[in-house]
2 protein chains.
Amino acid sequence: MATTAGESNSSHYTKIGLSEDEIPTQWYNIVADLPKPPPPPLHPKTLQPITADDLAPLFPMELIRQEVSAERYIDIPPEVREIYRLWRPSPLFRARRLEKLLGTPARIYYKYEGVSPAGSHKPNTAVPQAYYNKAEGVKKLTTETGAGQWGSALAFATSLLGMDCEVWQVRASYDAKPHRKTMMELWGATVHPSPSPLTQSGRAVLKETPDTPGSLGIAISEAVEVAAADPDARYALGSVLNHVLLHQTVIGEEALKQLAKVGETPDIVIGCTGGGSNFAGLAFPILREKMAGRMSPRVLAVEPAACPSLTKGKYVYDYGDTAGLTPLVKMHTLGHSFVPDPIHAGGLRYHGMAPLISHVYDLGLIDAIAIPQKECFDAATAFLRSEGILPAPEPTHALAATIREAKKCIETGESKVILTTLCGHGHFDMSSYEKFLSGSLEDLDYPEDKVAAALADLPKIE
Amino acid sequence: MATTAGESNSSHYTKIGLSEDEIPTQWYNIVADLPKPPPPPLHPKTLQPITADDLAPLFPMELIRQEVSAERYIDIPPEVREIYRLWRPSPLFRARRLEKLLGTPARIYYKYEGVSPAGSHKPNTAVPQAYYNKAEGVKKLTTETGAGQWGSALAFATSLLGMDCEVWQVRASYDAKPHRKTMMELWGATVHPSPSPLTQSGRAVLKETPDTPGSLGIAISEAVEVAAADPDARYALGSVLNHVLLHQTVIGEEALKQLAKVGETPDIVIGCTGGGSNFAGLAFPILREKMAGRMSPRVLAVEPAACPSLTKGKYVYDYGDTAGLTPLVKMHTLGHSFVPDPIHAGGLRYHGMAPLISHVYDLGLIDAIAIPQKECFDAATAFLRSEGILPAPEPTHALAATIREAKKCIETGESKVILTTLCGHGHFDMSSYEKFLSGSLEDLDYPEDKVAAALADLPKIE
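Model, not experiment: these values are computed from the prediction. (Residues numbered from 1 in each chain as written. Chains lettered and ligands numbered in written order. Predicted model: local features only at pLDDT ≥ 70, side-chain atom pairs only at ≥ 80, totals over all residues. Heavy atoms only, no water.)

Once that is clear, we can look at the overall build of chain A. Scanning chain A for helices and strands turns up 19 helices and 17 strands. Computed over its C-alpha atoms, the radius of gyration of chain A comes to 21 Å, within 12% of the 23 Å expected for a compact globule of 462 residues. Taking all 462 residues of chain A together, 66% fall into the buried category. If you take every contact in chain A between residues at least 6 apart in sequence, the share linking residues at least 24 apart comes to 78%. When the accessible surface of chain A is split by element, carbon and sulfur atoms take 53% of a total near 15500 Å². Of note, chain A has its 44 positive side-chain charges centred 3 Å away from the centre of its 54 negative side-chain charges. (Helix = DSSP H or I, 4+ residues; strand = E, 2+ residues; numbered from the N terminus. Rg over C-alpha atoms; globule rule 2.2 N^0.38 Å. Buried < 20%, exposed > 50% of the residue type's maximum accessible area, 1.4 Å probe, protein only. Contact = heavy atoms within 4.5 Å. Areas by Shrake-Rupley, 256 points an atom, 1.4 Å probe, with all protein chains shown as cover. Lys, Arg positive; Asp, Glu negative; His and termini not counted. Charge placed at Lys NZ, Arg CZ, Asp CG, Glu CD.)

Set out below in structure tokens:
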């Protein structure tokens, strides 16, 4: 809760820890508390609401059950909590040195998910996804990866659970980030550049544009195609879907406990959004508290100006992938054929927003803004030089918004409590930082024509 | 303490934390407890024991005082503890998944120093070194870096304290690891490849061997030369010296508290050694307990077979650098002109061992072994696939020895308590892992002729 400048209601801590016993025992499902249920996914051919049977070739039954569940809480299996212990509870930091650098009376807290072995929040869902698949006899998981955070997380999870893992890495990233590939291979995964000649979807794209840099949408098509054709394999997605967002709620549940330990309640909650899983992980448990009237923070999603699905996209039914193999979901989308300009180094390149976040946004429960990438990398530098940690490009969007809010507090004199997530470190994103240091990082105008073209290509549902 | 197989005297924890208040308030100086004082450093020209005045152009007075101190404990300044809070106390993990993978009754604990913003144990000393220099009016620190861990740590520390930092990075590393350079530059440091045309020492080497890959010894000469000539600058060393080892004792002090929390005492303590600071940081507080009769672990230093200063070097006076600008110190050395073969990817490439560790080894308080690099990378893979974390190449030596000891326990049925440090993550060492995956990593025979040649080149003191 905001206090006036100078006042302090907390002792002198920097890192707020929790014991292992305080790792959450349940994930929180926001659907149970929403005033209106989210629109159902539709079958890409029949356009009828999708059934469990439709999804069975891609996902294990337990994840399908979670995807459509309206239960408020879902138990975390002991075997999953056991692996969570390798990095959870993750620390919550009070950013005292950043506050001092900015000269702000705001109290800034960040939940740091980069402590996971894969370096981001992604293992929070990779581990349960691998676990449920294995429990139902699945031998191999297929997936896509862009920047590489998700592919690394799934390779890590399948390695610990003794499963095979096959990753389609977006071509541009495969070429520019050989270290990410090595990391996945060290965990035992097989990594292909996407588009690849191994799938029908990949071959179709290669035929038309042999030198394409690839996109997440294409890589998803390839991974889905391979999983659907192999009875021993299933597909795993790193964001967007309800069950993925559900698994990430451990972030917000822990943050609430940690803030309570130091007697704080947030005034502003800020997260970056690509597919939306990190944002939802922090924000949904806090929205539960807000809807129940126990706190009243402003909740803010921050996206890149180069790929602004929430602030500029249409809220309509669209495909999750380029080839149109996935179900149709109602989401804020720039069109499934939209690909951000390669000059965009800031991550968060997916064309759509998680349906559940789109729905929550449509209900007016959260706000959204888009920030250009240079401001984000400037924020990263301020953070790095005060707090020490090098952020992944994705959470620099949340940091940029955090700094904006902290600066507002200088003007108003309010000592607001700002809570954000630092969802990953940037150790495998150094080429983006090299561009930034060398001055070759540019801000792009909003790609209006490209989005218009992609939106014209939407499936006609309504 | 070892128990018989199956017996367990501890509850079900994985990560043993400490609160911020449990960050040590003092560093431990082992010199106070040794049966014999260590031999003094000598002036490189007069060959007389070095004086504080001799060292003043290179180091601030407080660090010189610590270098020669015989006090048992030295207070950690509150300002340094304040920065330590960004990553300390570091976690102690029980490696339950690795134990299971190996099928060993041993109980393996590892202290993880990769949680620091620079990714290794090096900031434990970089921060106090920068702090004491700043307190005495120094504006700039110069240093060398090989793999980049130390340069990153000093760049991080000077960034937080608002000082300039100039780093000479060994040419081979500068070319092969551009990301390390970027990391240092993001923290505001200036980075030169070494040898550089900026110094007399660098120019001399370049004239003779223009395409040299460089060495730590040469880079030290350059950094020392520049600091000595600039009244506003001083030099900082990342290992080897007494005060550096002193600062690292926070590792062992925390580990002792953490083991005590779960009712364990170590039977074997294992650390990797290059210059020796990470090993000393863990081992010295434990040797205190051992010398006082409160525990009786075997303490084991592990070095690479390609650069085996403790197990194959001579215990004589030698220079710390190639050009002979540093004081002469009595240490186990392969000769200051020795440079390990470029094929060695495992780090720990320094020609000498910290004088204090050499002395402790000479006194018979510790053991030492050398391990070839392929066994180390195999150990890293086992660790990565069970515990999740990707180790830097350096601590893989300690992991390989840990696995050897854990396997011995399978034969004997003893449930020994093994304690080691994982002194850093390998996120910036992926090219070494790429070599390992591609099969191009080779074990080298012990470079007998090269060492003989370097030892023939030793200064004649005794």
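Moving on: the sheet that holds strand β10 (residues 233–235) of chain A. Residues and elements named next belong to chain A. Taken in spatial order, the 4 strands line up as β9-β8-β7-β10 in an open sheet, and their pairing is parallel. The sheet is open, and its two edges are formed by β9 (190–194) and β10, each paired on a single side. Neighbour-to-neighbour, the strand axes of the sheet open up by a mean angle of 25 degrees, direction not taken into account. The pairing of strand β8 (residues 164–170) with β9 spans 5 bridges and is parallel. Bridging from a neighbouring strand, W168 pairs with H192 of β9. Packed on one face of the sheet, helix α6 (residues 149–161) meets β7 (140–145) and β8 and runs near 165 degrees to β7. (Pairing = 2+ DSSP bridges. Axes fitted to C-alpha atoms, helices over the stretch in contact; angles between N-to-C directions.)

In the UniProt entry, the feature "domain: Tryptophan synthase beta chain-like PALP" (unreviewed entry) is given for residues 86–424 of chain A. Counted over residues 86–424 of chain A, helix gives 45% and strand 20%. Its end C-alpha atoms are 16 Å apart. (UniProt positions renumbered as here; feature names shortened; annotations may be inferred.)

Between chain B and chain A, the contact holds 43 residues from the first and 43 residues from the second. Buried area between chain B and chain A, summed over both chains or domains, comes out near 3900 Å², and the portion from carbon and sulfur atoms is 58%. Put simply, chain B and chain A have 0 salt bridges between them. Put simply, chain B and chain A have 21 residue pairs in polar contact (both at pLDDT 80 or more) between them. Elements represented by at least two residues in the side of chain B that touches chain A include exactly α3 (78–84), α6 (149–161), α8 (178–186), α16 (373–387) and α18 (430–438) of chain B. (Buried area = accessible area lost by both parts, 1.4 Å probe. Salt bridge = Lys/Arg side-chain N within 4 Å of Asp/Glu carboxyl O. Polar contact = N/O pair within 3.5 Å; in protein donor to acceptor, adjacent residues only side chain to side chain.)

Here we come to the packing of α6(B) against α8(B). All names here are of chain B. Their axes nearest at 8 Å, the elements α6 and α8 cross at an angle of 15 degrees. By the angle between their axes, α6 is roughly parallel relative to α8. Where α6 crosses over α8, the two elements pack in a sense that is left-handed. For the pair α6 and α8, the contacting residues are Q149, G151, S152 and A155 in the first and R180, M183 and M184 in the second. (Parallel < 35°, antiparallel > 145°, perpendicular 65-115°, else oblique. Left-handed = near helix turned anticlockwise from the far one by under 90°.)

The next thing to look at is helix α12 (residues 250–261) of chain A. All names here are of chain A. The first and last C-alpha atoms of α12 sit 17 Å apart over 12 residues, in line with the 16 Å expected at 1.5 Å per residue. Along α12, 9 of the 12 residues are buried, which leaves the element largely enclosed by surrounding structure. Those residues of α12 that sit buried are V250, I251, G252, E253, E254, A255, L256, Q258 and L259. Two residues or fewer past α12, G263 is found with a positive phi of approximately 70 degrees. (Expected span 1.5 Å × (residues − 1).)

Before going further, it helps to spend a moment on the pattern of salt bridges. Under the counting rule described, the total for this entry stands at 46 salt bridges over all chains. Across the pair A:E254 and A:K111 runs a salt bridge whose closest N-O atoms are separated by 2.7 Å. Taken together, the positions of A:E254 in helix α12 and A:K111 in strand β6 (residues 107–112) put the pair 143 residues apart, joining distant regions of the chain. Like A:E254, the residue A:K111 is buried in the burial classification. Linking B:R94 and B:E99 is a salt bridge whose minimum nitrogen-to-oxygen distance equals 2.6 Å. Each member of the pair, B:R94 as well as B:E99, carries the same accessibility label: buried.

Below, the discussion takes up the packing of α16(B) against helix α17 (residues 393–412) of chain B. Residue and element names in this part refer to chain B. It is at 8 Å that the axes of α16 and α17 come closest, and there the two elements cross at 80 degrees. Looking at the two axes, α16 sits roughly perpendicular to α17. For the pair formed by α16 and α17, the contact residues are E375, C376, F377, A379, A380, A382 and F383 on the first element and P393, T396, H397, L399, A400, I403 and R404 on the second. The class makeup of the residues in the contact of α16 with α17 is 10 nonpolar, 2 polar and 2 charged. (Nonpolar A, V, L, I, M, F, W, Y, C, P; charged D, E, K, R; others polar.)

Residue and element names in this part refer to chain B. An order of β9-β8-β7-β10 is seen for the 4 strands of this open sheet, with the pairing classed as parallel. Looking along the sheet, the strands with just one partner apiece sit at the ends: β9 (190–194) and β10 (233–235). Averaged over all adjacent pairs, the angle separating strand axes in this sheet is 25 degrees, with direction ignored. Note that strand β7 (residues 140–145) and strand β8 (residues 164–170) share 6 bridges and pair parallel. Each residue of the ladder has a partner; that of K140, found in β8, is D164. Here helix α10 (residues 216–229) sits on the sheet and contacts β7, β8, β9 and β10; the angle it forms with β7, its principal contact strand, is near 170 degrees.

Turning our attention to the confidence of the model for chain A. Residue and element names in this part refer to chain A. Across chain A, the average pLDDT comes to 94, with 97% of residues at or above 70. Low pLDDT, under 50, characterises residues 4–10; the predicted model gives this stretch 14 contacts beyond four residues in sequence or across chains. We note a pTM of 0.95 for the whole complex and an ipTM of 0.93 for its interfaces. (pLDDT = per-residue confidence, 0-100.)

Attention shifts here to the relation of the copies chain B and chain A. Between the two copies, chain B and chain A, the superposition gives an RMSD of 0.0 Å; the rotation angle is 180 degrees and the shift along the axis is 0.0 Å. The superposition of one copy onto the other is thereby described by a two-fold rotation axis. Taking C-alpha positions as reference, the residue of chain B nearest the rotation axis is B:H427, located at 3.2 Å. Comparing contact sets, 100% of the residues at the interface of chain B also lie at the interface in chain A, consistent with an isologous, same-surface contact. (Least-squares fit on C-alpha atoms with pLDDT ≥ 70 in both.)

Residue and element names in this part refer to chain A. Annotation of chain A at the domain level lists domain 1 (12–27 + 78–119 + 243–455) and domain 2 (30–75 + 122–241). Distance from the C-alpha centre of domain 1 to the C-alpha centre of domain 2: 21 Å. In this assembly, 59 residues from domain 1 lie in contact with 61 residues from domain 2. When domain 1 packs against domain 2, close to 4900 Å² is buried across both sides, 67% of that on carbon and sulfur atoms. A per-residue breakdown of the area domain 1 buries against domain 2 is headed by W27, H243 and F428, which together make up 15% of the total. (Domains from an automatic or database assignment.)

Along a regular strand, successive side chains alternate from one face of the sheet to the other. Residues and elements named next belong to chain B. For strand β13 (residues 314–319), a buried count of 5 out of 6 residues is recorded, marking the element as mostly surrounded by other parts of the structure. The sheet contact formed by β13 and strand β14 (residues 328–333) spans 6 bridges and is antiparallel. Paired with K314 across the bridge in β14 is T333.

Here the focus is the state of the cysteines. Working definition of a disulfide: a covalent bond connecting the sulfur atoms of two cysteines. Per the counting criterion, the structure on display carries 0 disulfides over all chains. Of all cysteine sulfurs, the one in B:C376 lies closest to B:C409, which takes part in no disulfide; the gap is 19 Å. (Disulfide = S-S within 2.5 Å.)

Our focus in this paragraph is the environment of B:F436. Residue placement: B:F436 occurs in helix α18. With 178 residues separating them in the primary sequence, B:F436 and B:Q258 have C-alpha atoms 34 Å apart. Those residues in contact with B:F436 that lie beyond four places of it in its chain are A:L186, B:F377, B:D378, B:T381 and B:L441.

Now for the environment of B:L216. Residue and element names in this part refer to chain B. The topology assignment puts L216 in helix α10. As for L216 and H336, which are separated by 120 residues in sequence, their C-alpha atoms are 9.9 Å apart. In this view, L216 contacts E144, T145, G146, V170 and Y350; residues no more than four positions away in its chain are not counted.

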